[in-house]
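Summary of structural features
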Amino acid sequence: MVTSLRLCGSRLSLMHRAASTRTIADLVTTLAIDVGSTNAKVGIVHDGTVVAHASTPVDTSTSGPDGAMEQDADQWWSAVSAAIRALPADDRSSIDAVAVTGQMQDLLCIGADGRPVRSVVLYSDTRAAAEADELGTEVDGWADEVGRPPDATSVGAKWRWLQRHEPQTVAATDVVVFGGAAEIVRRLTGVARCDHTVASTTGLYHATDRRWWDPIISTLQLPASPLDDGRPHAVNGAVADTLGLPTTARVVLAPGDAVATTLGIVGTSPDRPYAYLGTSGWVAASTTTMPTSNAFALPGLRQDHWVAAAPMIAAGATVDWARAVLLGDIDHDELDRLTSGVCAAASGVLALPHLDGQRLPEADATARVALVGMGRSTTRATIGAAVLEGVAHALRQLTTLVAPGDGTDGELLVCGGGSRSDSWCQAIADVTGRTVIRTDDEHASLIGAALAADGATAPSVGSDNSFIPDAARHGCHQTVAPAFDDLGPALAPITALLQAAAAQRR
């Protein structure tokens, strides 16, 4: 669904500040682009610092089958173009490189004419649960070879769903692109490629050999775009002129957003976990060896650089839904005031936060939000706190996958829009028992993309706040953690039955 793009104060953010006064003539200046779930962000990055930035919104459609999540690739391009043109002209004209990152494991069908055949099936789309189960049985060794069991978010399952329900789409498809960054690079250069980070999330990639896994590609007859070889591409002259970019700029397909954000937050420093709180979320950490836990093993910048990432489909999306539906459409500030100092677990209330299904620790496309333990004394504040704590408990589970055996000692960095919430950061500290450090750089993905393109040194992590676990509340969460861990599996057959009943009624 395409909507009009309004570049007004409430929908376009723009900041510009002078670069460092030290000599910078020999440094690379990069236009970094991040195609996110809710916004397309761009920034001019010089020596690891964002000196100008802009963003425009992107819409998501949930119409169609249950679990459907789609966006429009044309809107991706219009949003990125509008944000670039909002940057100062002098900055645009002086860049040396363009580095593009963005959301991963989308499925975008491109026709022989170079145009999208249909809307983008997003990474968070869970309609293909039956197809994932089917392929898991049909293709021997799939989970072992690609590093994890297939689920409804696997690109292969989504492609099989299209084969079954939209054969005309499949027939018209010339090449499949797997993420927002790859599509923007294709429109900038005419070259369709897939970076190795994104490839490793698709369920189609052999991580140890760093190649597409042919048995699943052949079974699906899926025309996957070639893997990127790391070489920069030339920007199309006409596109460069339209956007005010130099035709000499080289275009680099940077790693997907999970790795780019990791680079922008902790660089390649190993074993320092952080949590990203956006519409979706994840916990990730750099490591020098390929992760062997149930977390995603994402190839990084070098053969000895990996990122262990454990994603969740809905983080901020669950909180936003609760604000709108359960709490009377209050804003973020009111939610913070309402839940400040409140511990829902101390009132015997738990929330499962899986608005659109669950990926880890166990995949369950039918998982949904559940509030357990409410009674007459339950207040709006308790409900709000329970949702924040529910996401925090999910992050606790994911942290054990990314940093196994690390217990509750140490720190957990947090970033993303949700990290602006003091109540949420405190809930994460109370639940995990870790000191939560809120990073003060909102442009981590842009800095990380630029780092991948020009090899600049990542800045040290700063903080505008730290949150120390409250001993009493942490003790309460330790007590209820086993109940939270058991709740999802216990409800799984019930939510599956409810989803099946709802599908029959439709």
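Residues numbered from 1 in each chain as written. Predicted model: local features only at pLDDT ≥ 70, side-chain atom pairs only at ≥ 80, totals over all residues. Heavy atoms only, no water.

Here we look at the overall build of the protein
Looking only at helices and strands, the protein features 17 helices and 22 strands. Its C-alpha radius of gyration of 22 Å places the protein within 12% of the 23 Å reference for a compact globule of 506 residues. Per-residue burial for the protein yields a buried fraction of 58% across its 506 residues. In the protein, the share of contacts with a sequence separation of at least 24, taken over all contacts with a separation of at least 6, comes to 72%. Only carbon and sulfur atoms are counted for the fraction: they give 51% of the accessible area of the protein, which is about 19,700 Å². Taking the average location of the 36 positive side-chain charges in the protein and that of its 57 negative ones, the two points are 3 Å from each other. (Helix = DSSP H or I, 4+ residues; strand = E, 2+ residues; numbered from the N terminus. Rg over C-alpha atoms; globule rule 2.2 N^0.38 Å. Buried < 20%, exposed > 50% of the residue type's maximum accessible area, 1.4 Å probe, protein only. Contact = heavy atoms within 4.5 Å. Areas by Shrake-Rupley, 256 points an atom, 1.4 Å probe, with all protein chains shown as cover. Lys, Arg positive; Asp, Glu negative; His and termini not counted. Charge placed at Lys NZ, Arg CZ, Asp CG, Glu CD.)

Here's the deal with the confidence of the model for the protein
Taken as a whole, the protein shows an average pLDDT of 87; of its residues, 91% reach a score of 70 or greater. This model gives residues 1-26 a pLDDT under 50, and the stretch forms 46 contacts once residues within four places in sequence are excluded. (pLDDT = per-residue confidence, 0-100.)

Let's talk about the environment of Leu 263
Looking at where Leu 263 falls in the secondary structure, it is placed in helix α11 (residues 257-266). The class of Leu 263 is buried, set by a relative accessible area of 0%. Separated by 117 residues in sequence, Leu 263 and Arg 380 have C-alpha atoms that sit 39 Å apart.

A few points about the environment of Thr 382
For Thr 382, the position within the fold is in helix α14 (residues 380-402). Residue Thr 382 is classed as buried on the basis of its relative accessible area, which comes to 8%. Taking the C-alpha atoms as reference points, Thr 382 and Ala 344, separated by 38 residues in sequence, lie 5.0 Å from one another. Non-local contacts of Thr 382, meaning those with residues more than four positions away in its chain, are made with Val 342, Ala 344, Ser 347 and Val 349.

A short note on the packing of aromatic side chains
With the rule as written, the count across this model stands at three aromatic pairs. When the centroid spacing of 6.3 Å and the interplanar angle of 85 degrees are considered together, the rings of Tyr 205 and Trp 212 count as edge-to-face. For the pair formed by Tyr 205 and Trp 212, the shared burial category is buried. With a centroid separation of 4.4 Å and 20 degrees between ring planes, the pair formed by Tyr 276 and Trp 282 is classed as stacked. With a relative accessible area of 24%, Tyr 276 lands in the partly exposed category. Under the relative-accessibility criterion, Trp 282 is labelled buried at 8%. In textbook terms, an aromatic cluster arises when at least three aromatic residues are bridged by ring pairs, as seen for Phe 178, Tyr 205 and Trp 212. Of note, Arg 127 hangs over the ring of Trp 161, and the distance from its end group to the ring centre comes to 4.6 Å. Above the face of the Trp 306 ring, Arg 210 is positioned so that its terminal group lies 4.7 Å from the ring centre. (Phe/Tyr/Trp six-rings, centres within 6.5 Å; stacked < 30°, edge-to-face > 60°. Lys NZ or Arg CZ within 6 Å of the ring centre and 35° of its normal.)

Some words on the environment of Glu 131
Among the structural elements, Glu 131 can be located in helix α3 (residues 129-138). Glu 131 sits in the buried class, given a relative accessible area of 4%. For the pair Glu 131 and Leu 413, spaced 282 residues apart in sequence, the C-alpha separation works out to 37 Å. When near neighbours in sequence (up to four residues on either side) are disregarded, Glu 131 contacts Ala 157, Arg 160, Trp 161, Arg 164 and His 165. Separated by 3.3 Å, the side chains of Glu 131 and Arg 164 make a polar contact. (Polar contact = N/O pair within 3.5 Å; in protein donor to acceptor, adjacent residues only side chain to side chain.)

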